[in-house]
Structure formats: structure tokens, C-alpha cells
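Breakdown of the fold
Listed here are the chains, written in short residue letters.
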Amino acid sequence: MSTIIAINAGSSSLKFQLLQMPEETIITKGVVERIGLETPFITVEVEGEKKTEYPSLQNHEEAVKALLNSLTKYDVITDVNDIEGVGHRVVHGGETFSDSVLITDQVLNELENVSELAPLHNPANIVGIKAFRDILPDVPSVAVFDTAFHQSIPKEKYLYGVPYEYYEKYGVRKYGFHGTSHKYVSQRMAELMDRPQNDLKIISCHIGNGASITAVDHGISVDTSMGFTPLAGVMMGTRSGNIDPALIPYLMEKTGQTAAEVIDTLNKKSGLLGVSGASSDLRDVVQQAEEGSERAQTALDVYLTRMHKYIGTYAASMDGVDAVIFTAGVGENSALVREKVMEGLEFMGIQINKEKNGQASGETFIQSDSSRVAVAVVPTDEEVMIARDTVRLGQIQ
Ligand SMILES: Nc1ncnc2c1ncn2[C@@H]1O[C@H](COP(=O)(O)OP(=O)(O)O)[C@@H](O)[C@H]1O
Ligand SMILES: CC(=O)OP(=O)(O)O
Ligand SMILES: [Mg+2]
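Keep in mind it's a predicted model, so treat the numbers as computed, not measured. (Residues numbered from 1 in each chain as written. Chains lettered and ligands numbered in written order. Predicted model: local features only at pLDDT ≥ 70, side-chain atom pairs only at ≥ 80, totals over all residues.)

**Side note on the overall build of the chain**
Counting secondary structure elements, the chain contains 15 helices and 14 strands. Its C-alpha atoms give the chain a radius of gyration of 21 Å, within 12% of the compact-globule value 21 Å for 397 residues. Projecting the C-alpha coordinates of the chain onto the three principal axes gives extents of approximately 60 × 55 × 50 Å. The contacts in the chain between residues at least 6 apart in sequence include a share of 60% that link residues at least 24 apart. (Helix = DSSP H or I, 4+ residues; strand = E, 2+ residues; numbered from the N terminus. Rg over C-alpha atoms; globule rule 2.2 N^0.38 Å. Contact = placed C-beta atoms within 7 Å.)

In C-alpha cells form, the structure reads like this:
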């Protein structure tokens, strides 16, 4: 039995889960927020109760110290040395990493090289890794990449139609993200269907704040909607998804923004937020649409039609589909989104049962009896995947 901590570090936050392996039971979970900003705080769930503290935290190293202190203070662990492995979510692994990896000095160097491909995400992941290595130098730490599961995508799907030398010189290609989640839910779906994974063509819809859709054929990723960065693909809470790239210089000229400012607008002020003008949270947009806001309804329509198209695209890509999965914040909780994304696909043998869909909670099949394709809600669990790989690569008993 061993105690593993799974870390998902963002630029100003650090989410964590402490798990008992191999049982995969969650001991506790929590989040440190507003690191390096005014009034940082730590929330830890202790026996179902949320405890919040407000320490002063200048950086991720102080955040890690405070987090470990609170775990001992609340008697979740008796000593920091009770932690036997640390697993980190790293968003971008480039082409260097097609599986999780035990972190060594050399790996850390390679991670730094890959960082320029994901300037919004990777630097924070690396700071988190270093902070834990300083505090727990003798404990194995493992990096688990969002991109790794997508390294199986074939060349004709990952190359862009641009001069080939950009791929060779600058690594310009589709990488894809949320791989840990797509891998988990597609494995789980095969178990739920009681069929081997290499018998199944699955479309996995991870719809949270960030959203991506993946075609999983015979257990491997063969295409995914995100691209060189997590900005591409479907429309999201604040991200535009695919646009005509010629819009960027056009908007620079019209609005006076720099290229970096336009990209920032496309990442943070677009999507549901940008179109509705109200909120990036799907619940707010749905509520406002129900109250008669035309802008909110339009935002919802654009959001839904983009996702709907990918189902057809990926079914064509795999020459068929046996199962569709919905996961993450929106996918797990919004019956409306699931119903609308699946609407009109009866010609492909996809039909959902509205009652089952409306009542879905946890792992639930929502297709009708006559549907040829299975459709299910499968709650994602990136943390358990991180913990499993930490045990495997850290060779922890
Ligand atoms: N009960 C719910 N009904 C509809 N949408 C929900 C519900 N709960 C959460 N969401 C949506 O899930 C989104 C967050 O998803 P999540 O997977 O947690 O995002 P992140 O990408 O930040 O990890 C929110 O924007 C919210 O709109
Ligand atoms: C890569 C990515 O988009 O992650 P998130 O959904 O957590 O923003
Ligand atoms: Mg997410």
C-alpha cells in the first residue's frame, strides 16, 4: 500500500489529490488558489468537510510547503515522508514524450525545451515539479502528459497544410490535449460495454471549460479536435476554437491589438463568454437563454453546432462508430448539451433516450434500446491515471 499525491499545477493555482494505491481510494483532495496574488488560500477536504486557510504565498514553492503543512496539521498524514510518490500533470510533452516518464534532471531539461510550445501551461507545471523535488528530494516524481495519448495520431491527421520545414524546424503540428482524460474514459467505456477496447470505435467528448473531442479506434487516439495549442477545435467557455487564421492580422489592424493581444482575446474573452457577452459558465448561458436573451441563445447554438459536427467528422474518420462518451464539467452534468449534440444523428444509428439522459448520474448509458451506437456519461478521473502511472514508473510497491 502506498500514498501518492497527484498534482495539477496552473499559473496561480495548484489542485491536488492524495490517493491510497493500488486501492485507488481518495484520502483527501484540495486546491491552493491565488498563488502569488492577494489573499491566497488553501482548501482541503478532510472527512468530507472543507477546511480553508489563508497563508501568505509568494510562489509555488511556498504553496507546496503550506499544502504539506496543512496535510500534517489535519492529520491526513503524520509526516511529509509518508508521501511515497508524486505525479504531475504536464500539459505539453511535444513529440519527446509518448508515455508518462520518471522525472530526472535530464527529463526536467527536456521539459524546459518543450515549454515554448505551451507558454500558458508548462511553465507552471515545471515550477510545481521543482517545488516538490526540493521538498521531497528522495521521492520518485512522474510527469503525465496531456499530449501523450495523442502521439498515436497518424501523420496525415497531425500535419497542417503548411510548408513541411515548419514541422521539421519548429515542431508545427497538431499535438492534442486532455489525453489522460480521453484515455481513462475510453478504457472505462470498454469495461462498461464488456467489450475489448481493440474491438471498438469510440468518440470521446471531454467538455469542461476547455473542451476537446477525440476519435479512439482500437484503444488508440487517431484524431482529436485541439491542435498545436489548446485553442483549436470546438468552441469553449472562453476560447474561440477553430477560426480562419486570416482573422488575426485583420483584427490586429481593426482593433489596434498586437498579435499576442489578439491570441489572448481568442483564449480568454471568446467562446461562450465572447458570443453571449455574459458568462463563460454554461449554466449562466443556459439560464439567460431560457430567460429570453438572444445573445445567450446564439452563443449556445454556435457552441452546440461545432460539437455536433465533430461527431460526424470522426465517425467518417474511423469508418464508423460504436460508442460516444460525454465527460468533464459540462459533459457529465448538462443533459441539454448531450441531447442537442446527439440530435439528428439517427441516420448514423445514434439515438438517445431522453429520460435516461435527463436522469444520468455517474456512469450511465443514455442510448435508446433501438440505438446501434452506445452513448454514455463517464465521469473522468485524471488523478487516478496520474497515480497509476506514478506507481508504475516510480516502481512503488
Ligand atoms: N450542473 C452543471 N450543469 C451544467 N454545466 C455545468 C454543471 N456543473 C459544471 N458545469 C460546467 O462545467 C464547466 C467546468 O468544467 P470543468 O471540467 O470543471 O472545467 P475545467 O476545464 O476548468 O477543468 C463550467 O464552465 C460549467 O459551465
Ligand atoms: C489543455 C487544456 O485545455 O486544459 P484545461 O481544460 O484544463 O484548460
Ligand atoms: Mg479540465
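**Side note on the sheet that holds strand 5 (residues 49–53)**
Adjacent strands of a sheet form backbone hydrogen bonds with each other and so pair up, either parallel or antiparallel. Judged by pairing direction, the sheet is mixed, and its eight strands sit side by side in the order 5-4-3-2-1-6-8-7 without closing on themselves. Edge positions in the open sheet fall to strand 5 and strand 7 (101–102), since each of these has one partner strand only. Across five bridges, strand 6 (residues 85–90) lies against strand 8 (residues 141–145) in parallel orientation. Its bridge partner lying in strand 8, H88 is registered against A143. Each of strand 1 (2–9), strand 2 (14–21), strand 3 (25–33), strand 4 (41–46) and strand 5 is contacted by helix 1 (residues 60–73), which is oriented at about 30 degrees to strand 4, the strand it contacts most. Its contacts with the sheet put helix 15 (residues 382–393) on strand 1, strand 2, strand 6, strand 7 and strand 8, and the angle it makes with strand 6 is roughly 125 degrees. (Pairing = 2+ DSSP bridges. Axes fitted to C-alpha atoms, helices over the stretch in contact; angles between N-to-C directions.)

**Re the site of ligand 2**
The environment of ligand 2 is formed by V91, D146, F177, H178, G208, N209, G210 and P230. Residue classes in the shell around ligand 2 are distributed as three nonpolar, four polar and one charged. (Near = placed C-beta within 6 Å. Nonpolar A, V, L, I, M, F, W, Y, C, P; charged D, E, K, R; others polar.)

**Regarding the UniProt feature "site: Transition state stabilizer" (unreviewed entry) in the chain**
When the UniProt feature table is mapped onto this chain numbering, "site: Transition state stabilizer" (unreviewed entry) sits at H178 and R239. Within the secondary structure layout, H178 lies in the loop between helix 5 (164–170) and helix 6 (179–193). Owing to 30 C-beta atoms within 10 Å, H178 belongs among the buried residues under this scheme. Residues in contact with H178, not counting those within four places in the same chain, are D146, H206 and S212. Discounting chain neighbours no more than four positions away, the residues touching R239 are G210, L231, L266, N267, S270 and G271. (UniProt positions renumbered as here; feature names shortened; annotations may be inferred. Buried ≥ 20, exposed ≤ 12 C-beta atoms within 10 Å, placed from the backbone.)

**Examining the site of ligand 1**
Around ligand 1 lies a shell formed by G208, N209, G210, G237, D281, L282, R283, A328, G329, V330, N333 and S334. Secondary structure elements with two or more residues in the shell around ligand 1: helix 10 (282–290) and helix 12 (328–333). Ranked by residues supplied to the shell around ligand 1, first place goes to helix 12 with four residues. Here the residues of the shell around ligand 1 sort into three nonpolar, seven polar and two charged.

**A look at the nonpolar core**
By size, the foremost hydrophobic cluster in this structure holds 100 residues, and its most contacted members are I203, A323, V324, I325 and V375. By residue number, the principal contributor to this core is helix 11 (residues 294–317), which donates nine residues. Aside from chain neighbours lying at most four places away, what touches A323 is M189, M193, L200, I202, V373 and A374. (Core = buried A, V, L, I, M, F, W, Y, C linked by C-beta atoms within 7 Å.)

**What about the domain arrangement of the chain?**
When the parts come together, some accessible area is lost, and that loss is often what is quoted as the size of the interface. Per the domain assignment, the segments making up the chain are domain 1 (2–145) and domain 2 (195–377). On a C-alpha basis, the centres of domain 1 and domain 2 stand 29 Å from each other. (Domains from an automatic or database assignment.)

**A short note on the sheet that holds strand 13 (residues 364–365)**
Reading across the sheet, the six strands line up as 11-10-9-12-14-13 and stay open at both edges, with mixed pairing between neighbours. For this open sheet the edge positions go to strand 11 (220–224) and strand 13, each flanked by a neighbour on one side alone. Of the pairings in the sheet, the one linking strand 10 (residues 211–217) to strand 11 comprises four bridges and is antiparallel in character. When the bridges of strand 11 are listed, A215 appears paired with D223. Against the sheet, helix 11 engages strand 9 (201–207), strand 10, strand 11 and strand 12 (323–327), with an angle of about 20 degrees to strand 10.

**As for the pairing of strand 1**
Burial runs high along strand 1: six of the eight residues are buried. Examined bridge by bridge, strand 1 and strand 6 share four bridges and lie parallel to one another. When the sheet's bridge partners are listed, I5 is paired in strand 6 with V86.

**Focus: the pairing of strand 4**
Strand direction decides the pairing type here: strand 3 and strand 4, joined by four bridges, are antiparallel. Bridge pairing in strand 4 links V32 to I42. Note that strand 4 and strand 5 share five bridges and pair antiparallel. When the sheet's bridge partners are listed, T43 is paired in strand 5 with T52.

**Points about unusual backbone geometry**
Of note, the bond from M21 into P22 is cis; its omega dihedral lies within 30 degrees of zero at 5 degrees. Note on placement: P22 falls in the loop between strand 2 and strand 3. Phi is positive for E24, close to 65 degrees, though the residue is something other than glycine. Tracing the chain through its elements places E24 in the loop between strand 2 and strand 3. At T39, a position not held by glycine, the phi torsion is positive, near 40 degrees.

**Concerning the environment of I350**
Structurally, I350 is set in the loop between helix 13 (335–342) and helix 14 (354–359). Accessibility expressed as a C-beta count within 10 Å gives 23 for I350, which makes it buried. Measuring from C-alpha to C-alpha, the distance between I350 and S368 comes to 8.5 Å, with 18 residues separating the pair along the chain. Discounting residues that sit within four places of it in the chain, I350 has contacts with V324, M342, L345, S371, V373 and V375.

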